[in-house]
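A look at the structure
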Amino acid sequence: TKLNFSSALEEERHVRANDRDYNERFSYADNRIKTAKYNVFTFLPINLFEQFQRFANAYFLVLLILQLIPEISSLSWFTTIVPLVLVLAITAVKDATDDYFRHKSDQQVNTRQSQVLIKGKLQNEKWMNVRVGDIIKLENNQFVAADLLLLSSSEPYGLCYIETAELDGETNLKVRQALTVTSDLGDDVAKLADFSGEVICEPPNNKLDKFTGTLCWKDNKYSLDNEKMLLRGCVLRNTEWCFGLVIFAGLQTKLMQNCGRTKFKRTSIDKLMNTLVLWIFGFLICMGIILAIGNTIWEQKVGSDFWEYLQWKELTINAVFSGFLTFWSYIIILNTVVPISLYVSVEVLRLGHSYFINWDRRMYYSRKDTPAEARTTTLNEELGQVEFIFSDKTGTLTQNIMVFNKCSINGKTYGDVYDEFGHKVDITEKTPCVDFSFNPLMDRKFRFHDSSLVEAIKLEEPLVQEFFRLLALCHTIMPEERNEGELVYQAQSPDEGALVTAARNFGFVFRSRTPETITLYEMGQAVTYQLLAILDFNNVRKRMSVIVRNPKGQLKLYSKGADTILFDRLDPSNEELMFTTSEHLNEFAGEGLRTLALAYKDLDEDVFDEWMKKLLFASTALDNREEKLGALYEEIEQGMLLLGATAIEDKLQEGVPETIACLTLANIKIWVLTGDKLETAMNIGYSCNMLRDDMNTVFIISGHTMLEVQQELSKDKFSSGLDMEKTELYSSDSVFEETIIAEYALIINGHSLAHALEADLEQILVDVACLCKTVICCRVTPLQKALVVELIKRHKRAVTLAIGDGANDVSMIKTAHIGVGISGQEGMQAVLASDYSFAQFRYLQRLLLVHGRWSYHRMCNFLCYFFYKNFAFTLVHFWYGFLCGFSAQTVYDQWFITLFNIVYTSLPVLAMGLFDQDVNEQYSLRFPNLYRPGQLNQLFNKRKFFTCTLQGVCTSFILFFIPYGAFMTAVRDDGAHISDQQTFAVTIATSLVIVVSVQIGLDTNYWTAVNHFFIWGSLAVYFAILFAMHSDGIFTIFPNQFPFIGTARNSLNQKIVWLVILLTTVVCIMPMVAVRFIKADLYPTQTDKVRLLQQATRKQGPQEQNLRRVRRTSSRRSAYAFAHQQGYGELITSGKNMKVPTSSTSTYPLSSPTRGLTGTSSASICKCFRHQKH
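Presented here is an overview of the structure given in this document. (Residues numbered from 1 in each chain as written. Predicted model: local features only at pLDDT ≥ 70, side-chain atom pairs only at ≥ 80, totals over all residues. Heavy atoms only, no water.)

Now for the overall build of the chain. Secondary structure summary: the chain contains 40 helices and 36 strands in total. Burial statistics for the chain: of 1174 residues in total, 57% are counted as buried. For the chain, restricting intrachain contacts to residue pairs at least 6 apart in sequence, the fraction spanning at least 24 positions comes to 76%. For the chain, the computed accessible surface area is about 50200 Å², with 57% contributed by carbon and sulfur atoms. (Helix = DSSP H or I, 4+ residues; strand = E, 2+ residues; numbered from the N terminus. Buried < 20%, exposed > 50% of the residue type's maximum accessible area, 1.4 Å probe, protein only. Contact = heavy atoms within 4.5 Å. Areas by Shrake-Rupley, 256 points an atom, 1.4 Å probe, with all protein chains shown as cover.)

In structure tokens form, the structure reads like this:
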């Protein structure tokens, strides 16, 4: 799925600023993008080429050419050309419409405006006219037009903030910093126009997190990395303006290199039908050869006696040549084994199924007025065969909203609501919220239901106040106050934002910060704390601490982190409180909440001064600085006092755990592919019940080299391989059981995945992953998501579905057999690239288990019946050939042949294909393992095809030989002979129409008024047209076209004809009825059992059926909520990210005494803020 452009030839890129002539020598891509497949000139040839890849379309074209040759055609050419043109036209219009919308989307992006520096002036240019080497000015909230090297910005030190949701789905802000030498250019247009630096860098590639290059300017060289790049698709935030130099444009940008190609998606049934049409064509040729040989022999043995009486041209008086012509004549006559109406009907069915999805009110999301939408009509039945679902996490499984839910303070829990009898009450939308009106700075969106916590605050309980004071001080959030009291927090992670917002509402408002101070409003009073050190978070410490001096001069250390880590560093006097809090934490984690423990410590002045000296020394050490700082942090974070714990809910979308449980019971494997951090992904895994404590092992693959990854995978394969028999044993578990067997889970990191996807390791990865119940890939790039999907498609040959909501999911959605877009928080890119879209993940259950299963069931039944009826209809000609001198004489009237598939039998089979249900929607959802036959492709495969064609062949044999045998000796009521060819034809045709109508009645499981109307109506129409065509009136108008004058009334008024029709019908139908009865009685399928249950329940009257859901309990301690990456304490204490105030009274020195105390490297400048949309 990787896009290859001229980058494949490029070894390194040379870009000179403000020099278009120099840059144009390299033929770099311009900034125009193109996702559409066709243009006005290429549409017809490419579209027809794609359509004629369907073997059936090519087959009908050949037939049409044959029918135009009068020597061999015994049927009119219009019987083929009209349906063929109709099918091609319908498909072409659909494809053209899809592509028109792609063109519109491209046009919209290409014509966005950008300010470009041309000839010393800033000019407005369309995006598509931007070239590599141009200098562009961006303003706040603008999209980045191309991949740029940041030159300067409005922020101090050349910093700027970007949001990368389009690239990786994360809404937190990232920091980028320009080189000092270019940031001095500022916004001076004259200086920027004179800038002539040359960038030498890597060629275009799809690595979003890597960039290597060098800037050469004024005889100096400066190193460039990813932290100096702004990538296309990002949005500039909280930065008034910035200037950048275009390095990659258009299709060579990293965003476009991560987009998969738009593929022509076809279902497995489509592909199977291509094979079957080839088989049928082979069968047709075999029948043609047999009949042609028969004709040659007959002409030699018998036909030669008649040559003298027939005025034939000399050319044709040759038995072999006669056989050759007969071969082609029979190919035309027998072509109805694959009528083109099959393809028209299939398209109509798919269109109908798509409308059912669009009209489904249970998939309509009223809050956003978003219905489900089938954006393609070609994949519906494949929805009933999905084996693997690849899901994004943020915005797909979760709402990406963190909520402060519960807490435990000094051994008491807050957050639950109790009634007057002391029983816990479930919290709903209607549960009354706590009144925070006492606090003018509250966040109005914050909801909390336990009023006892507010009472504790108002009673000034010291530990409760200290708890919220810790939350308001111990973090790295940046506040933004646009109007008085209107606070917006820029948080590194939404977890931190939720905790500080909770403290704000309970009266401890974090108002402002400088490099040296933090100002809180505590119950309305402004209190300023001196910030002495930030002991920053990293993945090893799993905690964060701050040391502050309060206005009374006391030194305090406040710490928050994973409970397992903090509990080891508590004072022994806290043991009893630790056990109580530990129980609360288990309870919180059991509800899938993300937990943090909070502790504090009073520091002695002398001890702190001594520690500070050591810290200053360690922070300037040249070697092992991180280890020395870590040891010092460890030293001071001992003997702390436990305050309590917080529990945050990462709000899952409604119904996600239930949906995942139900889809798992349907034997669908769900893999989560996310750009998020490992711990966050694991927390969501636990919340969704994808990871559980009773799993045997959770394998974590995090090796950095090929060898490490290979060793980890091989070890896991050995461990999990031991229980393979056990897995097989449980795979057919009853649906009534909600117990899920203890199994394995695999969690793999992005950098490890890059190695695991190499050719040498991919097979081991597939083997291990498929042994696991749950697979989570975290920190993956958009292209890696697509590669994982491609890997499963290639190795497992299973139907895959990808579901996501952001631009970073587009390549995965395009690669999977079925792409589903969630119309969510992150724009519409995923929806535009998808095949199906809706607003909530939970609707996926209905899409697959109801619509998908029904579509598959209907399509399979439709195809089985269609092939059966057409073999029954067509092969009568084959048997007749042996009795008519192999002369290619048709049994039926030509009008019957033309109308059989179009009028007499088209509507009943369409009604069955549109409305049939083996079981209703409630039972489809209640018994998810009814979905299994679709995954195993049991309802329509080569074996099923063989069975229904065999039934068709037998039916045709009975249809021909019973009337033939009966009419050998039969006489009319008046004693005259009955056995003329026209009466014979009418008898067989009538028998055929009745037999196929009875058969479709037997095949229909769910009768509607439409089914009744179409079946009875088709029979009535058959007789009406039969009598009309055999009437005297029509014969007098068109004597050549309607030769069967009076046949219908003359033959159908004879009892013997009706007895023959009855006998033929009974003999055709009874064996099938007997076989089905015995099969359902002795070897019932799961569907048969559920249908019986459904019928029994209907007789008893409605009963409420509830599935017992298992609530997860967890003893897990790792569900801590935190920004799971190196913090950016140094950035805060250095003051680099603070705007330089203009007023002299509030100016702070930019290099504070605490600079460097956090132990993070200067790279921490480039860590991220969390941007909360407001």
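Another aspect to go through is the state of the cysteines. Summed over the entire model, instances satisfying the criterion amount to zero disulfides. We note that Cys160 lacks a disulfide partner, and the nearest cysteine sulfur, in Cys242, lies 4.9 Å from it. Considering cysteine sulfurs only, Cys778 is the nearest to Cys777, which forms no disulfide, with 7.6 Å between them. On the basis of relative accessibility, which here comes to 2%, the residue Cys777 falls in the buried class. (Disulfide = S-S within 2.5 Å.)

Here the focus is the sheet that holds strand β2 (residues 113-118). The sheet built from six strands is open, its strands ordered β3-β2-β4-β13-β5-β11 with antiparallel pairing. Each end of this open sheet is capped by a strand with a single partner; those strands are β3 (121-126) and β11 (229-230). Note that strand β5 (residues 147-153) and β11 share two bridges and pair antiparallel. Each bridged residue has a counterpart across the sheet, and for Leu148 the counterpart in β11 is Leu230. (Pairing = 2+ DSSP bridges.)

A word on the nonpolar core. Ranked by internal contacts, the top residues of the largest apolar core, which has 100 residues, are Leu863, Tyr892 and Phe896. Once residues lying within four places of it in the same chain are set aside, the contact partners of Phe896 are Phe873, Tyr904, Ala989, Leu992, Val993 and Tyr1022. Of all hydrophobic cores here, the second largest spans 54 residues; its members include Val464, Tyr489, Phe506 and Tyr558. (Core = buried A, V, L, I, M, F, W, Y, C linked by side-chain atoms within 4.5 Å.)

The full count for this structure, using the stated rule, is 39 salt bridges. Among the salt bridges present, the one from Arg13 reaches Glu10, with a minimum N-O distance of 2.8 Å. With respect to burial, Arg13 and Glu10 carry one shared label: buried. Measuring nitrogen to oxygen at the nearest pair gives 3.6 Å for the salt bridge that ties Glu198 to Arg16. With Glu198 in strand β8 (residues 198-201) and Arg16 in strand β1 (residues 13-16), this residue pair connects regions lying 182 residues apart in the sequence. A cluster of three or more residues bridged by salt bridges with shared partners is formed by Glu466, Arg469, Glu522, Lys556 and Asp602. (Salt bridge = Lys/Arg side-chain N within 4 Å of Asp/Glu carboxyl O.)

Let us look at the side chain of Ser152. Considering the arrangement of structural elements, one finds Ser152 in strand β5. On the accessibility criterion, Ser152 (0% relative accessible area) is buried. Polar contacts involving the side chain of Ser152 include one to the main-chain carbonyl oxygen of Gly186, which spans 2.7 Å. (Polar contact = N/O pair within 3.5 Å; in protein donor to acceptor, adjacent residues only side chain to side chain.)

Another aspect to go through is the packing of helix α33 (residues 942-969) against helix α34 (residues 981-1003). At a closest axis distance of 10 Å, the pairing of α33 and α34 adopts a crossing angle of 140 degrees. Classed by the angle they form, the pair α33 and α34 counts as oblique. Crossing angle aside, the handedness with which α33 passes α34 is right-handed. In contact with Gln951, Thr955, Leu959, Phe960, Pro963, Tyr964 and Phe967 of α33, α34 contributes Thr983, Phe984, Thr987, Ile988, Ser991, Leu992, Val995 and Gln999. Residue classes in the contact of α33 with α34 are distributed as nine nonpolar, six polar and no charged. (Axes fitted to C-alpha atoms, helices over the stretch in contact; angles between N-to-C directions. Parallel < 35°, antiparallel > 145°, perpendicular 65-115°, else oblique. Left-handed = near helix turned anticlockwise from the far one by under 90°. Nonpolar A, V, L, I, M, F, W, Y, C, P; charged D, E, K, R; others polar.)

What follows covers the side chain of Arg858. Looking at the element boundaries, Arg858 is found in helix α28 (residues 843-881). Salt bridges are absent for the buried Arg858, whose nearest opposite-charge side chain, Asp916, sits at 6.6 Å. Engagement of the side chain of Arg858 in a polar contact is seen with the backbone oxygen of Asp916, the distance being 2.6 Å. With residues up to four places along the chain from it excluded, the contact list for Arg858 reads His353, Phe356, Met912, Gly913, Leu914, Phe915, Asp916 and Gln917. (Lys, Arg positive; Asp, Glu negative; His and termini not counted.)

What follows concerns the sheet that holds strand β15 (residues 386-391). The nine strands lie next to each other as β14-β35-β34-β33-β15-β29-β32-β31-β30, forming an open sheet whose pairing is mixed. Each having just a single partner strand, β14 (373-374) and β30 (697-701) make up the two edges of the open sheet. One ladder, built from four bridges, connects β15 with strand β29 (residues 669-673); its direction is parallel. If you follow Phe390 over to β29, its bridge partner there is Trp671. Helix-sheet contacts for α28 involve β15, β33 (799-804), β34 (818-822) and β35 (836-838), and the interaxial angle to β35 is about 140 degrees.

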